[in-house]
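# Coordinate inspection notes
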Amino acid sequence: MKTVRSLLHGEIIRAVSFVLVGFLALFLFFDLVDELQNLSRLASQGYQLHHALLYVALKTPAHIYELLPISVLIGCIFVMARLAQSSEFTILRTGGLAPVKALSTLLQLGLVFVAMTFLMGDYAAPWADRQGVLIKARFQGNLTVGQTGAWLKERQGQRHFAVNVRSFDGIRQMQNIRIHEFNEAGQLLAITSAPQAEIGEGVWLLQQAEEKSIQTPGAGQTLQYRSVQHLSLPWPTGISADMVAAAVLSPDRMRTWELFNYMRHLASNNQNAQRYEIEFWRKVFYPLSCLVMLVMALPFAYLHFRSGQIAGYVFGGVLAGISFSLLNNLFSFAGNLQNWQPWLTAAAPALIYSAISLLGFWWMVLRR
């Protein structure tokens, strides 16, 4: 059985690697074409060809994360179909390879693909994306969203804060920050503004900050305003750089733990976290789709092929992989709009395709 396992695993790994490299080269070529337009636009700011190539290369982990499940499906379909056409799989079945044993052999390899997908999506891709953002920020300025920037809320004891960040470099540096402080009754107590700030561990360091506070009047007195200038003002906060990036950037490149912390932050401040909850559960379930793809590919080993039929089945695998990706995105948007249960929204595509795959596998085995 060890020989059979080595044969199947080796063939699938080579086929999946070949498909992944092909897809990766295609996507990186498209990224390079898009980046050449930015090269001409940012050339006056010092953005050169080697910067563009480095920026495109840093997109590789994110593309691997997105393409690995589809590559697993296409590569495994090709291997199963080829083994069926050459009657090698029939020989393996005659030698004692039961359907359940074949399925468990593929799922063992699937766990390796699951771990690789998780590591790419949770560690390599976020780090590479931040490095790419840092490269771009040096030449095209900081990242902004909308006309007023990003808004965040935080509660500290009896005080409430509404924080506005106009622009962010994706790492630590922010520009044009305003911090509004309110009491429990919703009355404005102070506004602190700063042209620049740096995010540290549990504190923001505001540069050249101006603090405008409202003094509580006594009996028969009017409101009094006080303005204080600070060369450097530390502001203790639980809002991290990842939370600011989530408010400014897309959350799909955040780590699973960072998304979880941001969800808790939004919930504790009575903000809608539906979008981030769906993205969190997508992060959890997406690596498991590699197992679904392997189960979908196994029934192809029980088909009878004539010459030239493999290409058609591989093309069908491409369509199945694309449809899975489209369904995944469709459920994400629909779940956010319709306020569906986040974990079910993220798991539904994998559950649907798992049911179809197991049904096909059961039908092929029962038929024989």
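Before reading further, recall that the structure is shown in the block above.
This one's a predicted model, so the numbers in the text were calculated from it and none came from an experiment.

The next thing to look at is the overall build of the protein chain. From N to C terminus, the protein chain includes 11 helices and 6 strands. Within the span of the protein chain, comprising 368 residues, buried residues form 44% of the whole. When contacts within the protein chain are restricted to residue pairs at least 6 apart in sequence, long-range pairs at least 24 apart make up 66% of them. For the protein chain, the computed accessible surface area is about 19100 Å², with 62% contributed by carbon and sulfur atoms.

Secondary-structure assignment places S289 in helix α9 (residues 289-297). Note on S289: relative accessible area 1%, which makes it buried. Ignoring any residue separated from it by four or fewer positions in sequence, one finds S289 in contact with P69 and F324.

Once that is clear, we can look at the sheet that holds strand β4 (residues 188-199). Here 6 strands make up an open sheet; going across it, the order is β1-β2-β3-β4-β5-β6 and the pairing antiparallel. Both outer strands of the open sheet, β1 (150-156) and β6 (224-236), are each paired with one neighbouring strand and no more. On average, each strand axis in the sheet is inclined to that of its neighbour by 20°, with strand direction left out of account. Where β4 and strand β5 (residues 203-215) come together, 8 bridges link them in antiparallel fashion. Across the sheet, residue S193 finds its bridge partner in β5, namely E210.

Rules used throughout
- Residues numbered from 1 in each chain as written.
- Predicted model: local features only at pLDDT ≥ 70, side-chain atom pairs only at ≥ 80, totals over all residues.
- Heavy atoms only, no water.
- Helix = DSSP H or I, 4+ residues; strand = E, 2+ residues; numbered from the N terminus.
- Buried < 20%, exposed > 50% of the residue type's maximum accessible area, 1.4 Å probe, protein only.
- Contact = heavy atoms within 4.5 Å.
- Areas by Shrake-Rupley, 256 points an atom, 1.4 Å probe, with all protein chains shown as cover.
- Pairing = 2+ DSSP bridges.
- Axes fitted to C-alpha atoms, helices over the stretch in contact; angles between N-to-C directions.

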